[in-house]
Amino acid sequence: MGEFKIHRVRFFDYMPTGIRALAFHPINERMAVARMDGSVEIFHCSDNFFQEKIIPGREQCGIEALSWVGERLFSAGLNGEITEYDLTNQKAKYTVDAYGGPVWAITGNQQGTHLAVGCEDGTVKLFEVNEDKIQFERNLDRQKGRIFSLSWHPSGSKIAAGMMDMIQVFNVETGHSIHRILVDRGVGTSRSKECVVWSVVYLSDGTIISGDSVGMVKMWDDHTGTLIKSHNITKCDVLALSVSQDEDSLVAGTSEGCVVQFQFISVVLDKDDKEWVRTRTFKNHTHDVRAVAEITTAVVSGGMDTQLVVRPLLDKIEVWSSASALRKIHFPHRNLVSCARKAGLMLFQYPSHLELWRLGESEGIDIPGMSLSIKSKPEKRLHLKVKGEEHIRCSAVSPCGEWIAYSTASRLRLYKLNFDNNNVSITKISKLPKVLSSANQLCFSSDSSHLFSSSTMALVHVVSLSQSGCKFVGTLKPKSGSHQAIHLLAASEDGKWFASANSDHEVNVYNLQTRKVHCTVPIYSSAVSAMGIHPTTNCLFMVHADQQMFEYSIEQKQYTDWSRLVHRKGLHRIWWERDTPVTNVMFNPQNTSQVILHDMYMLCIIDQSLPLPGEKTQFYNQLTLKSLPEEQRKSHSHAFKVCKTFKEILCVDLMSDQSLVVVERPLTDITTQLPAPIKQKKFAT
């Protein structure tokens, strides 16, 4: 497998924020996730739930609700504003004040013509969705009390609004309330408390389903305003509801961390009469489940415990695959850590500041498997706070450790660092080229002489760096005309080649001497999750979200023999069944046949000089090899060597001294920083 000195880093206090809202687009199979820090993430549900895009949030700008209208995404929050997002360039497109105080709910009709917004002042406001912007149209009848939840009837003619102690049903054409449904406050002590209707769902047959603060899921008839059936599923709140596309399944999220499924089925065999029956309860969260969404074959949920949980519905899955297993998404599918390989420095990206740390040093004899004594501890050298409300989108430190760059949605900053013994001074480069207004990704060349900045329209701007500042060199433009944002960059060690990957699954390779497209890798159906250019062979190694991998010869403009062998023979079943994407690719300079990869749970070294594992081959075989005599090991060895020693991994990088930096963030450390969950009575206590 190879021997490396390992720096186990656990002082990056990355802390994801809770999930507040989900919105599923059934046609393009994208899931939008809003977090409590105001950021929005877009996941591709049919591509192993790969996180395609991240729109950073802003300070004091939380999101309460999300809604798709066609291919357009809208959000609303307690700041009283409605935001439409530019998904191509991954930023807010514009913001409109709703003029109704804090906004609790937003939903679009199926026709894609209008948005309904529920406000603090008791109004349901209708906005017309125009081609370039939304425009306020009118208010529906104003009510006493805030509007907590909204749902359109599929016909677009009526709207149900959840309030305090009641549900109002509005006729959209007239704007008047046609039904006022009173919600029971429950039994016992809860009758003295007001009942909040946190969520409503309006079905095509006229059934209104509500979830409330007394733990009830109720079905109502919108013609008579009467209760059809009620289910008491928790002693706490029912916070979210979601119905399937064919309206035969419903899921409810509770503040106890449970997700409860209901199905519309016949309770008597061979009878056509159907009713809503509670069928399953999923307990995959420790805290409030604030948002749920039922997609084609799974239930997706999120809440205060920060994880996005994908629970497959096995009765809707025809073929068993990796998509049939429970999936929990904890970390972003991008690197938040950048390493200065030659200087022994690490840059940690937080939402509103950056931290630069120097790695510690060890002493003693290097014995495989043994911990070394620390000669000097890691040291924090710089804390760089971002001005303004915007959160950081991307950041990078140069390999020499003398340059730091970061970007928000609207501006890019470049700094020069000077080290004088234990003192660090920082100089802001004030005169930047105009093209460096903002960036989706940043990357330095291996000799730290150039900065690459990916901007809008899938362009990459190249800037040369010197002691006197920076100078614009040129722009790398793709031939395809794709406007999708670039999410991955890779520069070759010799400074000749540069590769970029965008959300259209395009991978373009540029010749940096001519600054023109050298070749385009054949498009694959899955997004690239990690890539790197080999320092010796100049082959581009790519790993995709579906766990497939390719090696492409840049100079020969074709896949390598090893890559063709992989596709002819296939990868091992255990490799395919992993549910977290590879997020970094490195190469071992001391052994040119070794490629180093990592995902959240494992570090893997692929030795291309060894045979690929067969389907019946033992995949995790390190312990077996150790027990065999030296002469027998080679016949039992295969290309994949996997290490699962580490806790949850945020980043792995290879330094110039051949040491590996492994940045861990144990989930137990994140859990201890969460607010306390609702107290639940346990057996025998």
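Only a predicted model underlies this, so the values are computations on that prediction, with no experimental measurement involved.

Draft legend 1. Structural context of the overall build of the chain. When helices and strands are tallied, the chain shows 5 helices and 57 strands. The globule rule puts the C-alpha radius of gyration for 685 residues at 26 Å, and the 27 Å found for the chain is close to it. C-alpha extents for the chain along the principal axes are approximately 80 × 60 × 50 Å. Looking at the 685 residues of the chain, the share that counts as buried comes to 59%. The long-range share in the chain, meaning contacts at least 24 apart out of those at least 6 apart in sequence, stands at 48%. Accessible surface computed for the chain: about 30200 Å², of which carbon and sulfur atoms make up 49%. Of the side-chain charges in the chain, 75 are positive and 73 negative, and the distance between the mean point of each set is 5 Å.

Draft legend 2. Up close: the pairing of strand E32 (residues 353–358). The element E32 is largely enclosed, with a buried count of 5 among its 6 residues. Two strands pair when backbone bridges link them, and strand E31 (residues 345–349) and E32 are joined in this way by 5 bridges, in the antiparallel orientation. Within E32, the position partnered with Leu345 by the bridge is Arg358. Here E31 hands over to E32 after 3 residues, the two strands then running antiparallel side by side.

Draft legend 3. Examining unusual backbone geometry more closely. A positive phi angle, near 55°, is found at Tyr99, a position not held by glycine. Along the chain, Tyr99 falls in the loop between strand E9 (91–97) and strand E10 (103–108). Even without being a glycine, Glu247 presents a positive backbone phi close to 60°.

Draft legend 4. Local environment of the sheet that holds strand E52 (residues 584–587). Taken in spatial order, the 4 strands line up as E52-E53-E54-E55 in an open sheet, and their pairing is antiparallel. Two strands lie at the open edges of the sheet, namely E52 and strand E55 (640–643), each paired on one side alone. Each adjacent strand pair in this sheet contributes to an overall mean axis angle of 20°, direction not counted. Note that E52 and strand E53 (residues 594–598) share 4 bridges and pair antiparallel. Its bridge partner lying in E53, Asn584 is registered against His598.

Draft legend 5. Seen up close, a positive patch on the surface. A cluster of basic side chains, namely Lys477, Lys479, Arg515, Lys516 and Lys557, defines a positive patch on the protein surface. You can see Lys557 is positioned in the loop between strand E50 (549–553) and strand E51 (558–559). The exposure class of Lys557 is partly exposed, given its relative accessible area of 43%.

Draft legend 6. The arrangement of the state of the cysteines in detail. This model, assessed by the stated rule, comprises 0 disulfides. This cysteine, Cys258, is not joined by any disulfide, and Cys236 carries the nearest cysteine sulfur, 9.5 Å off. Under the relative-accessibility criterion, Cys258 is labelled buried at 18%. Here Cys643 stays free of any disulfide, with the sulfur of Cys604 as its closest cysteine sulfur at 10 Å. The exposure class of Cys643 is buried, given its relative accessible area of 16%.

Cut-offs used in this document
Residues numbered from 1 in each chain as written. Predicted model: local features only at pLDDT ≥ 70, side-chain atom pairs only at ≥ 80, totals over all residues. Heavy atoms only, no water. Helix = DSSP H or I, 4+ residues; strand = E, 2+ residues; numbered from the N terminus. Rg over C-alpha atoms; globule rule 2.2 N^0.38 Å. Buried < 20%, exposed > 50% of the residue type's maximum accessible area, 1.4 Å probe, protein only. Contact = heavy atoms within 4.5 Å. Areas by Shrake-Rupley, 256 points an atom, 1.4 Å probe, with all protein chains shown as cover. Lys, Arg positive; Asp, Glu negative; His and termini not counted. Charge placed at Lys NZ, Arg CZ, Asp CG, Glu CD. Pairing = 2+ DSSP bridges. Axes fitted to C-alpha atoms, helices over the stretch in contact; angles between N-to-C directions. Patch = residues over 30% accessible without salt bridge, like charges linked within 9 Å, V, L, I, M, F, W, Y side chains within 5 Å. Salt bridge = Lys/Arg side-chain N within 4 Å of Asp/Glu carboxyl O. Disulfide = S-S within 2.5 Å.

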